[in-house]
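Architecture and fold: a report
So the chains spell out like this:
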Amino acid sequence: MREYSGLLTDLYELTMAAGYWQTRFDARATFELFARHLPPRRNYLVAAGLDPALDFLENVTFTADEIAYLRELSVFRGIRDEFFSYLAKFRFSGDVWAVPEGTLLFPGEPMLRVTAPIIEAQIMETYLLAALGYQTMIASKAARVVSAAAGRPIVDFGARRAHGSQAGIWSARAAAIGGCAGTSNVLAGQQLGMKIYGTQAHSWVMAHEDEAEAFRNFLAAFPEDSVLLLDTYSVRNAIEEIIAMGRKPAGVRLDSGDVARDSRWVRRELDRAGWKDVKVFASGDLDEYKIARLASRGAKIDAFGVGAALATPADAPQLSLIYKLVEVERGGKVREAAKFSQAKVTYPGRKQVYRHSRAGGEFAYDKVALEEEPANGAEALLVEVMRGGRRVAPAESLGALGERCAAGLARLPRRYRQIGRAAVYPVRYSKRLENMLDQVRQRVRHTAVK
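First, a word on scope: everything that follows refers to the structure included in this document. (Residues numbered from 1 in each chain as written. Predicted model: local features only at pLDDT ≥ 70, side-chain atom pairs only at ≥ 80, totals over all residues. Heavy atoms only, no water.)

Taken together, the four strands give an open sheet; going across it, the order is β16-β14-β15-β19, and neighbouring strands pair in mixed fashion. Strands with a single pairing partner mark the edges of an open sheet, and in this sheet they are β16 (379–380) and β19 (427–429). (Pairing = 2+ DSSP bridges. Helix = DSSP H or I, 4+ residues; strand = E, 2+ residues; numbered from the N terminus.)

Printed below as a string of structure tokens:
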């Protein structure tokens, strides 16, 4: 699969593009991408996926083979040749404003705004929703898991559970934005500069004649970095064998059983041996709820490995991100656009999100307003990231994105970031925006009557 293929879209994006071309509908459009509502058991979102999205926008093209494939589709049989010539020269030339990755977001707040020739903006919809939707979902889950760990490191173990190898890279990246300390994914480490972690599998122990031999051989191969897996047969026997060897590992890992009880026993035995610096690592189908329960039971765990709950979070497997037209400029005339179907109303016009804070720095509320409205002392979240199809600033480091997420969570009042039932963070809409919505509604009703 070609990474920057223009065919990475839904068919209806291309049929609309062809329709605009065929009917000479020459317009410049603005679309905004946002979450209509939060998934169950989510209090906030962590914006992620922008950098790969901008990379795609800068590089997307249609090859000759891809255009030949489109020509063969019956739906395009009546489309003029000039449209396919246009695709051969296709480059995204639009402007993009977006919320920086790692920023906390809430329902109804634009995460990204695209202004471009309407064909370009339309074709980009599918990729933008996929890139930002998946990584925002993972980063938001990671932030919850990291919060539950209360300062103890979380390592992403999700590569083997992700829906494909590329998803494994994206989930590792998003997990880092949400606060994870590193990943088990070696390619993510190499490509993204992430710290990588690994221990050993049960198969290592099972491949040897006895457990003690397995531990001795691993310690011989990795004398400074061995993390030994304890639960292949018996946690207590394993610890006794390791201590009896007199060869201190860097850490030990628990992957099953009563992890809270076993971790307390393991910590006590390691400390008795004078090995207070040996770390106790836990894994095995963990998520934020299980980690919180372990903490409540006094588990003696120094770090956690979390896999499926990060790469494929079962409690919120997708986000309701949408990409909606909010403005059309045609022939020098600007017309705001909105949707009015029941339960799916969208606001018209180019918007900005203003975050208001209290004197002590805590977030108080957000206001969604028209782009030109004054900030009145609030922080404007959407910033320019692309002009004329090219980035206006280099990509930020993953470390900086993770720091932004951590700083945002520290400023979000506790009642809005609880893992269980949490209060709903207040998002308001400006009077001018509400008035514009009413004006567009009246205009649509008037034209419908005609």
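After that view, the rundown keeps rolling.
For soluble globular proteins, nonpolar side chains are generally found buried alongside one another. Formed by 83 residues in total, the largest nonpolar core has its most connected members in F92, V96, L112, V114, M124 and L128. By residue number, the principal contributor to this core is helix α6 (residues 125–149), which donates nine residues. Not counting chain neighbours up to four residues away, the residues in contact with V114 comprise A29, T30, F31, F92, D95, V96, A121, L128 and Y323. (Core = buried A, V, L, I, M, F, W, Y, C linked by side-chain atoms within 4.5 Å. Buried < 20%, exposed > 50% of the residue type's maximum accessible area, 1.4 Å probe, protein only. Contact = heavy atoms within 4.5 Å.)

Quick look at the pattern of salt bridges now. All chains considered together, the criterion is met by 28 salt bridges. A salt bridge links E384 to R387, with the nearest nitrogen and oxygen atoms 2.9 Å apart. Judged by its relative accessible area of 52%, R387 falls in the exposed class. Taken together, the shared-partner salt bridges in this structure form one network comprising R42, K141, R144, E288 and D315. (Salt bridge = Lys/Arg side-chain N within 4 Å of Asp/Glu carboxyl O.)

Together, R330, K333, R335 and R443 make up a positively charged patch on the protein surface. Within the fold, R335 resides in strand β13 (residues 333–336). (Patch = residues over 30% accessible without salt bridge, like charges linked within 9 Å, V, L, I, M, F, W, Y side chains within 5 Å. Areas by Shrake-Rupley, 256 points an atom, 1.4 Å probe, with all protein chains shown as cover. Lys, Arg positive; Asp, Glu negative; His and termini not counted. Charge placed at Lys NZ, Arg CZ, Asp CG, Glu CD.)

What follows is about the pairing of strand β10 (residues 279–282). As defined by bridge partners, strand β9 (residues 251–254) adjoins β10 across four bridges and the pair is classed as parallel. The residue of β10 that forms the bridge with G251 is K279. Note on the crossover from β9 through helix α12 (residues 259–272) to β10: the handedness is right-handed. When β10 meets strand β11 (residues 303–306), the two strands line up parallel, connected through two bridges. By the bridge assignment for β11, A282 is matched with F304. Of the crossover connections in this fold, the one passing from β10 over helix α13 (residues 288–296) to the parallel β11 is right-handed. (Right-handed = clockwise from strand over helix to strand, strands pointing away.)

The backbone of R41 shows a phi angle near 65 degrees, a positive value even though the residue is not glycine. Note on placement: R41 falls in the loop between β1 (28–35) and β2 (45–46). Of note, N376 is a non-glycine position whose phi angle comes to about 55 degrees, a positive value. Residue position: N376 is located in the loop between β15 (363–370) and β16.

What follows covers the sheet that holds strand β8 (residues 227–229). Spatial strand order, β7-β6-β11-β10-β9-β8: six strands in an open sheet with parallel pairing. In this open sheet, the two strands that pair with only one neighbour each are β7 (182–183) and β8.

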